[in-house]
Every structure is written in structure tokens, then in C-alpha cells.
Amino acid sequence: MVLCPVIRKLVSKRVVLASASPRRQEILSSAGLRFEVVPSRFKETLDKTSFSAPYEYAMETAKQKALEVANRMNVKDFRPPDVVIGADTIVTVDGLILEKPADKQDAYNMLSRLNGKVHSVFTGVTIVHCSSKDNQLQTEVFKFYEETKVKFSDLSEELLWEYIHSGEPMDKAGGYGIQSLGGMLVEYVHGDFLNVVGFPLNHFCKKLVELYYPPPRDAIHHVKYDSVPSVETFEVLSDEEHGSSTQGNLTIKLEGDNAFSSGAPGSLGKNKIGQDVMGEPVEKCSGDMESLTKFPSTLVELLDGFKASKAMFVACKLKVFDLLKGKAHLKAKDVADHISASVCGTERLLDSCTALQLLKKTNQGYSNTELADKYLVSDSEYSLHGYIMHANDHVWPLFTHLESAVKEGTNQNHRAFGKNTQDLFQDSYYHSMETKLRFMNAMHSIMKLTARGVATAFDLSRFRSACDLGGCTGALAQVLIQEYPHLKVTVFDLPDVIENVSGFQPTGQDTSRITFTSGDFFKDNIPEADLYILSRVLHDWPDDKINALLSKISDLCTPGSGLLLSEMVLDDKKRNRSAWLQSLNMLVQTEGKERSSYEYRCLLEQHGFRNVEIVQTGSLLDIILCTKC
Ligand SMILES: O=c1[nH]cc([C@@H]2O[C@H](COP(=O)(O)OP(=O)(O)OP(=O)(O)O)[C@@H](O)[C@H]2O)c(=O)[nH]1
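About the thresholds
- Residues numbered from 1 in each chain as written.
- Predicted model: local features only at pLDDT ≥ 70, side-chain atom pairs only at ≥ 80, totals over all residues.
- Heavy atoms only, no water.
- Near = heavy atom within 4 Å.
- Polar contact = N/O pair within 3.5 Å; in protein donor to acceptor, adjacent residues only side chain to side chain.
- Areas by Shrake-Rupley, 256 points an atom, 1.4 Å probe, with all protein chains shown as cover.
- Helix = DSSP H or I, 4+ residues; strand = E, 2+ residues; numbered from the N terminus.
- Nonpolar A, V, L, I, M, F, W, Y, C, P; charged D, E, K, R; others polar.
- Salt bridge = Lys/Arg side-chain N within 4 Å of Asp/Glu carboxyl O.
- Buried < 20%, exposed > 50% of the residue type's maximum accessible area, 1.4 Å probe, protein only.
- Expected span 1.5 Å × (residues − 1).
- Bend = angle between axes of the 7 residues up to and from the residue.
- Phe/Tyr/Trp six-rings, centres within 6.5 Å; stacked < 30°, edge-to-face > 60°.
- Lys NZ or Arg CZ within 6 Å of the ring centre and 35° of its normal.
- Disulfide = S-S within 2.5 Å.
- Pairing = 2+ DSSP bridges.
- Axes fitted to C-alpha atoms, helices over the stretch in contact; angles between N-to-C directions.
- Contact = heavy atoms within 4.5 Å.
- Core = buried A, V, L, I, M, F, W, Y, C linked by side-chain atoms within 4.5 Å.
- Parallel < 35°, antiparallel > 145°, perpendicular 65-115°, else oblique.

(A) Region of the structure containing the site of the ligand. Residues in contact with the ligand amount to 21 residues; listed here are only the nearest, Ser19, Arg24, Lys65, Lys100 and Val197. The separation between an oxygen atom of the ligand and a polar side-chain atom of Ser21 is 2.8 Å. Between an oxygen atom of the ligand and a main-chain N or O atom of Ile178, the distance comes to 2.7 Å. For the ligand, whose unbound accessible area comes to 580 Å², protein coverage reaches 94%. Of all elements in the fold, only helix H2 (22-30), strand E3 (83-93) and helix H6 (193-197) reach the threshold of two or more residues within the shell around the ligand. Across the shell around the ligand, the residue classes break down as 7 nonpolar, 6 polar and 8 charged.

(B) Spatial organisation of the pattern of salt bridges. A full pass over the atoms with the stated rule returns 30 salt bridges. For Lys143, the salt bridge identified is with Glu60, shortest N-O distance 3.6 Å. Taken together, the residues span a long stretch of sequence, with Lys143 in strand E6 (residues 136-152) and Glu60 in helix H3 (residues 54-73) at a distance of 83 residues. A relative accessible area of 14% means that Lys143 is categorised as buried. With a closest N to O distance of 2.9 Å, Asp393 and Lys317 form a salt bridge. Of this pair, Asp393 sits in helix H16 (residues 385-399) while Lys317 sits in helix H11 (residues 297-317), placing them 76 residues apart in sequence. The partly exposed category is assigned to Lys317, whose relative accessible area is 43%. One salt-bridge network, held together by shared partners, links Arg23, Asp171, Lys172 and Glu370.

(C) Representation of unusual backbone geometry within the structure. Here Asp94, not a glycine, exhibits a phi torsion of approximately 50°, which is positive. Mapped onto the elements of the fold, Asp94 is located in the loop between E3 and strand E4 (96-98). Positive phi values are uncommon outside glycine, yet Ser340 reaches one of about 50°. When you line up the elements, Ser340 lands in the loop between helix H13 (332-339) and helix H14 (343-355).

(D) Broad picture of H11. Relative to the 30 Å expected for 21 residues at 1.5 Å per residue, H11 spans 29 Å between its end C-alpha atoms, a close match to the ideal helical length. Along H11, the largest kink reaches about 40° and is centred on Asp304. Just beyond H11, the residue with positive phi is Lys319, at close to 60°.

(E) Seen up close, the packing of aromatic side chains. For the structure shown, the criterion picks out 16 aromatic pairs. Here the aromatic rings of Tyr55 and Phe122 are separated by 6.0 Å at their centres, their planes lie at 50°, and the arrangement is tilted. Linking Tyr55 in helix H3 with Phe122 in strand E5 (residues 118-133), this pair joins segments that are 67 residues apart in sequence. Consider the rings of Phe425 and Phe439, whose centres lie 5.9 Å apart with planes at 75°: the pair is edge-to-face. Placement of the pair is Phe425 in helix H19 (residues 424-429) and Phe439 in helix H20 (residues 433-456), with a sequence separation of 14 residues. The exposure class assigned to Phe425 is buried, which follows from its relative accessible area of 13%. Each residue in the set Phe425, Tyr429, Tyr430, Phe439, Phe521, Phe522 and Trp541 is aromatic and connected to the rest through ring pairs, giving one cluster. Above the plane of the ring of Trp396 lies Lys310, whose end atom (NZ or CZ) is 4.6 Å from the centre. A cation sits over an aromatic face here: Lys545 above Phe522, 5.3 Å from the ring centre.

(F) Spotlight on the state of the cysteines. Considering all chains together, one arrives at 0 disulfides under this definition. Its sulfur unpaired, Cys353 is 8.2 Å from the next cysteine sulfur, which belongs to Cys316. The class of Cys353 is buried, set by a relative accessible area of 0%. The thiol of Cys557 is not disulfide-bonded; the next cysteine sulfur, from Cys626, is found 8.4 Å away. The class of Cys557 is buried, set by a relative accessible area of 7%.

(G) Expanded view of the pairing of strand E10 (residues 359-362). As judged from the 4 bridges shared by E10 and strand E11 (residues 365-368), these two strands associate in the antiparallel manner. Bridge pairing in E11 places Lys360 opposite Ser367.

(H) Broad picture of the sheet that holds strand E16 (residues 562-567). The mixed open sheet is built from 7 strands, whose spatial order is E14-E13-E12-E15-E16-E18-E17. In this open sheet, the two edge strands, each paired with only one partner strand, are strand E14 (514-518) and strand E17 (609-615). Geometrically, the sheet is characterised by an average inter-axis angle of 20° between neighbouring strands, direction not taken into account. Relative to strand E13 (residues 488-493), strand E12 (residues 465-469) is paired through 5 bridges, and the arrangement is parallel. Considered in E13, the bridge of Ser465 is made with Lys488. Sitting on the sheet, helix H21 (residues 475-483) is in contact with E12, E13, E14 and strand E15 (531-535), with an inclination near 175° to E13.

(I) Structural view of the nonpolar core. Core analysis: the biggest nonpolar cluster contains 48 residues, and Ile85, Phe152, Tyr176 and Phe204 have the highest contact counts within it. Per element, the largest residue contribution to this core is 7 residues, and it comes from helix H7 (residues 201-212). Ranked by size, the runner-up nonpolar core spans 38 residues in total, among them Phe425, Cys467, Leu534 and Leu604.

(J) Just the environment of Leu449, in detail. Along the chain, the position of Leu449 falls in helix H20. On the basis of relative accessible area, Leu449 is assigned to the partly exposed category, the value being 35%. Counting along the chain gives 27 residues from Leu449 to Leu476, while the straight-line C-alpha distance between them is 9.6 Å. Dropping the residues within four chain positions of it, Leu449 is found in contact with Tyr375, Tyr382 and Leu384.

(K) How the structure looks around the packing of H16 against helix H24 (residues 577-589). At a minimum axis separation of 9 Å, H16 and H24 run at an interaxial angle of 80°. Here H16 lies roughly perpendicular to H24, going by the angle between them. On H24, the residues that touch His390, His394, Val395, Leu398 and Phe399 of H16 are Leu581, Leu584, Asn585, Val588 and Gln589. A per-class count over the contact of H16 with H24 returns 6 nonpolar, 4 polar and no charged.

In C-alpha cells:
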């Protein structure tokens with residue numbers, strides 16, 4: 001999704017981010033910008049004393065970073081980038097400029113200087129417009145900076161060293177990462193938070209507005225873009241409208257190194273060498289821009305969606321991220337050798353993963369991004385590997401029969417796996433040890449990631465015993481006993497599951513308050529508890545089965561007993577895309593569906609539950625708590 005229409009202006013351009021900073025990559029890609037990452041090789045060694053102000057230093061360094069990449073990419077017979085973005089973040093305190101610490105002692109020196117004080121964080125940003133004539137690179141440079149003030153609490157030596165030993169300070173300006181553990185050091189922030197993280201997105205969008213929607217002639221002395229215009233305002237600022245009000249040549253003074261002129265209707269503006277600022281001839285640009293405004297980027301994203309998913313699935317399946325974990329870099333050939341695959345295929349897969357920001361690519365080779373290290377490596381604490389393998393091996397084949405599922409209104413297990421499902425879990429998830437463990441792995445990984453949110457959405461401290469029906473490996477139970485020291489939890493699931501839970505238990509954690517009991521909640525007796533939990537269970541079943549289950553639970557409850565559900569709640573207003581897609585997912589693989597908050601409320605009240613409260617998290621799971629009256 002492109003929230004900010006001005007970002008769309010760059011959609012058909014070759015945009016390059018001249019930065020190795022994973023934070024900058026994340027900020028810009030979250031804003032919907034599509035770009036390649038080519039880290040700059042410019043050494044950050046400019047003489048600081050030669051600048052009149054610290055931000056001048058940051059802007060110049062950002063400029064040199066971007067120009068180094070622009071020059072390096074201007075190779076004969078290759079298309080040069082249209083736009084190169086460079087950035088540099090520094091911290092200033094007591095008249096000193098702090099960059100990334102060289103070692104732990106340096107980090108300590110920096111953090112001690114910041115301790116208990118207010119300091120400034122400056123990020124200098126440069127946008128370089130490039131074009132190439134007879135292999136000569138022509139550039140136009142626009143630069144700006146943003147300042148944010150940050151106050152550190154009074155911190156003990158012990159805390160500073162503990163933080164330094166976490167390793168976090170080492171690649172961060174000033175020796176801290178405000179977005180992670182370093183956030184704990186900070187008392188307040190005045191200004192743009194993302195600027196501290198490494199990229200002032202808001203100011204960047206304003207700069208794009210200045211560059212791509214120069215104010216019409218009449219307004220030139222009056223219009224000041226104090227804030228990013230609202231989406232509606234952008235729509236009004238269409239190229240056509242803008243063009244018609246800028247007949248004749250008009251020079252606009254930009255804050256950057258250059259002024260450029262705007263003339264032909266619909267053009268971006270001509271520069272001194274008679275080209276538009278994106279390096280295209282003006283006449284051509286006019287037509288281009290018209291089609292650009294109408295470019296259906298949302299559709300292109302959807303067209304590419306399945307390719308992107310599959311590229312990530314395959315890289316996970318081939319354990320590419322496991323291989324790259326902890327390695328500085330590997331060349332495509334080395335990766336190919338390890339995963340027993342072709343070099344040409346591996347290279348394309350690695351490059352696609354780089355474009356998807358799962359990998360980083362430099363001249364030395366490929367390495368994992370932070371995201372991949374955290375979630376795609378199979379043995380990381382919050383790995384989604386198990387869930388991704390389930391998506392690849394189970395959900396993907398089912399989705400290839402979506403058309404039949406829609407026409408027939410039923411799941412497609414028979415088409416995808418040649419099996420009719422009489423008993424959903426037995427026939428589709430537990431029919432072999434391999435599928436069973438794959439499914440358990442998937443549920444375990446997604447539950448580990450979401451358990452804390454489920455456990456803490458409501459204060460459950462009034463309950464002394466809980467029964468997690470369909471609780472699988474007990475990943476939620478583990479978090480529940482951590483959060484509620486007086487709670488005992490029974491995990492109730494099919495014998496097929498309970499027999500295999502031991503491999504999923506944490507080591508070195510007291511799990512004595514968790515009991516695993518096997519049974520079928522439709523057929524067998526359910527253990528007694530003050531609180532019943534159904535997490536991602538109801539969506540598997542049709543209404544008749546749900547009514548049977550809720551009635552059984554309701555009969556077991558005494559007044560004051562609780563029922564906690566976690567599901568994706570459908571919401572017409574919020575149009576939460578994951579929930580609607582999950583509902584299709586339920587169609588192709590189960591007998592169930594996702595439901596709206598109204599549907600859940602009706603179901604629960606029908607079975608004697610009251611005080612139905614719903615916390616819509618907007619992320620993967622929404623949480624519902626109600627009480628038996
Ligand atoms: O709170 C935070 N403060 C700063 C950061 C990160 O710090 C670095 C700043 O370094 P620099 O601007 O030189 O950028 P590099 O990482 O070296 O990448 P380039 O290739 O662009 O030079 C930056 O990564 C910030 O994101 C932080 O994360 N949190």
C-alpha cells in the first residue's frame with residue numbers, strides 16, 4: 001500500500017538507497033517506496049572542524065555517500081539509477097559529534113556523555129537525481145536535515161555496561177538504538193522519532209512534495225509546506241492541474257544545491273541542462289507523468305504477491321537463512337553448493353530475497369537482514385519457519401484450488417491432497433508423523449509470537465485455573481504461567497498432539513503448573529477450570545459444532561468463570577486484510593470461517609456468557625473475554 005501518493009512519483013524510477021542501515025531500509029519500505037539497496041563505500045572521515053554546524057557535516061556526509069553510489073553505478077551499457085538517496089545520522093552533545101562507536105569502551109564513553117542529559121540527533125539526507133549523457137553522469141543534489149532532541153535518564157554504570165554487552169550500541173550513532181533496548185535509556189523525545197532511528201520520513205515526504213509538486217506561480221510566495229499534505233490534498237495536486245497553472249518558465253528556489261525551473265504543463269520542472277529533474281526529456285516526461293499518476297501500483301503489488309511469498313517460502317525450505325546466520329557474507333556459489341542447487345537459480349533467489357529485504361547484498365556476497373535473523377532462521381527464539389513451512393507445504397497447494405473452493409463453498413483437501421476429510425484434524429493434519437509435526441511446529445511458532453499479546457490483553461489474575469482447549473504444544477500456557485504466578489493451566493488436545501509435546505517444552509523453565517491432558521473436546525470430558533481458552537479454534541468449525549462446544553463449556557462454567565477467545569475478527573470498517581484473507585484460508589482448508597465481533601458476541605451471549613469485551617489488536621489476533629453469568 002502506498003499511503004503517501006508522493007511516493008508514487010518514484011514508482012517507475014530506479015531508486016537506490018545508498019545505505020546499509022537496516023533501519024533506513026525498513027522505514028522507507030514501510031512507506032511503500034520500492035528501491036534497491038547499494039550501500040555506500042564512502043568513508044565517513046570528513047574533517048568535522050571544517051563545518052560551521054554539525055548538521056552541515058551530516059548533510060555533506062549523506063551527499064558524499066549518495067554521490068559515491070551514483071558514480072559507481074554509472075557503468076557503460078547499464079541503466080544508471082534515476083534517484084539515489086543517502087543519509088547520515090549523528091548525535092551531538094557538549095559540542096562534540098558522536099557517530100557509531102568503534103568498540104565497547106568507545107560506546108561506554110559516548111553513553112556516559114549522554115547520561116542524564118539532553119542531546120541532539122541530526123540526520124542529513126540527500127536526494128540525488130541522476131541522468132547519464134555519453135556515459136557522463138549528471139546529477140542534481142537536494143539535501144536537508146532534521147533535528148530531534150532526546151533526553152537520557154540518569155543511568156547507573158551497571159546498566160550502561162549491561163546495555164553495551166547486549167551488542168546493540170555498536171552500529172548505532174551515539175551508541176544506542178532508541179527503537180530497541182536503547183528505548184529504556186530515554187526519558188523523552190522532542191521531534192521526529194524516526195529521525196533518531198536513522199531516517200526522517202516526514203521531512204523526506206515534504207521534500208518530495210517540494211520536488212514533485214512545486215507550488216503554482218501565484219502561490220509561490222505564500223505556500224509553505226508545513227506538514228505533509230493529507231491524501232486529499234495530494235489528489236488535488238495532480239500533475240495536470242499543476243501544469244495548467246504553471247505556464248511559462250518559473251524558477252523555484254530549492255533548499256538544495258540547485259534551483260530548477262518548471263515550464264511545460266505536467267512536467268516536473270526543467271533543470272539547467274534542459275532535462276526534467278528525473279533526467280528525462282521534458283516532452284516525454286509530460287506523457288510519462290500522466291500515466292504515472294494512474295499507475296495501478298496496488299495491482300502490481302498484488303500481481304507480485306504470490307511470487308514474493310513463494311520466494312520466501314523456498315528460501316526458508318532450502319534453509320538459506322539458516323546457512324547465512326552468523327556469517328558475514330556468502331557468495332551465491334557457496335550458498336548454491338551448500339543447498340545443493342544450481343548457481344544461476346540460487347543467485348536469482350538470493351537477489352529476489354534481497355529485493356524483498358530478507359537479505360542484504362554487498363560486493364562480498366549475501367547476508368541476512370535483522371528480520372531474517374529474527375524470524376526466518378529455523379532455530380531462532382521467535383522463528384516463523386514452522387509456520388512458513390506449513391504455508392508452503394499445506395496452504396499453498398490448497399490455495400491453488402481457490403477457484404473451486406469459491407464455486408463449491410467447501411475445503412479443497414481432496415483436490416490438493418487426494419483425500420476426502422471426514423475428520424478434519426485426523427485426515428488433514430495428523431495422518432502421518434511428518435504432517436503432524438509440521439502442523440505442530442506451525443502452531444507452536446505462531447503461538448510463541450502471539451502468546452504474550454493473548455495473555456495480557458486482559459487482566460486474568462482473578463482466575464486460578466485455566467484450560468487451554470486445543471492448546472497444542474502449550475506455548476500459550478508457558479506465557480500464561482509467567483504472567484500469572486497463581487495460575488495453573490491444563491493444555492487439552494488430541495492424543496496425537498499430546499504424545500508429541502515434549503520436544504516443544506522450554507529447557508530451564510519451571511513448567512510444573514502446566515498439565516497436558518489428552519482428549520477430543522467434542523467427544524470427551526473437558527477438565528474443570530475457572531477460565532477456558534479457545535485460541536484459533538472456533539474458526540476451524542461450522543456453527544453447529546461451535547454451538548455444541550460452547551454449550552458444553554457453558555455447562556461446565558460456574559457464575560464468574562471466564563471464556564477467552566483469540567481469533568482474527570472481521571471488521572468491515574477497518575478492512576483488516578489479514579483477517580479477510582484468513583477467512584478464505586479457512587474456506588480452502590477447514591469447515592470453518594472467521595467471524596465478525598457481532599457474530600462472536602451473539603454466539604457467546606446465546607450460551608450464557610456476558611460482559612463480552614473485544615480487544616482488536618490490528619495484528620494477527622484479536623482477543624475476546626466474556627464471563628458466565
Ligand atoms: O536510535 C538509533 N540511532 C541510530 C541508529 C542507527 O545508527 C546508524 C547511524 O550510522 P550512519 O548514519 O553512519 O549509517 P550506517 O548504519 O553506517 O549506514 P550507511 O550505509 O547509510 O552509512 C544508522 O544505521 C541508524 O539506523 C539506530 O538504529 N537507532
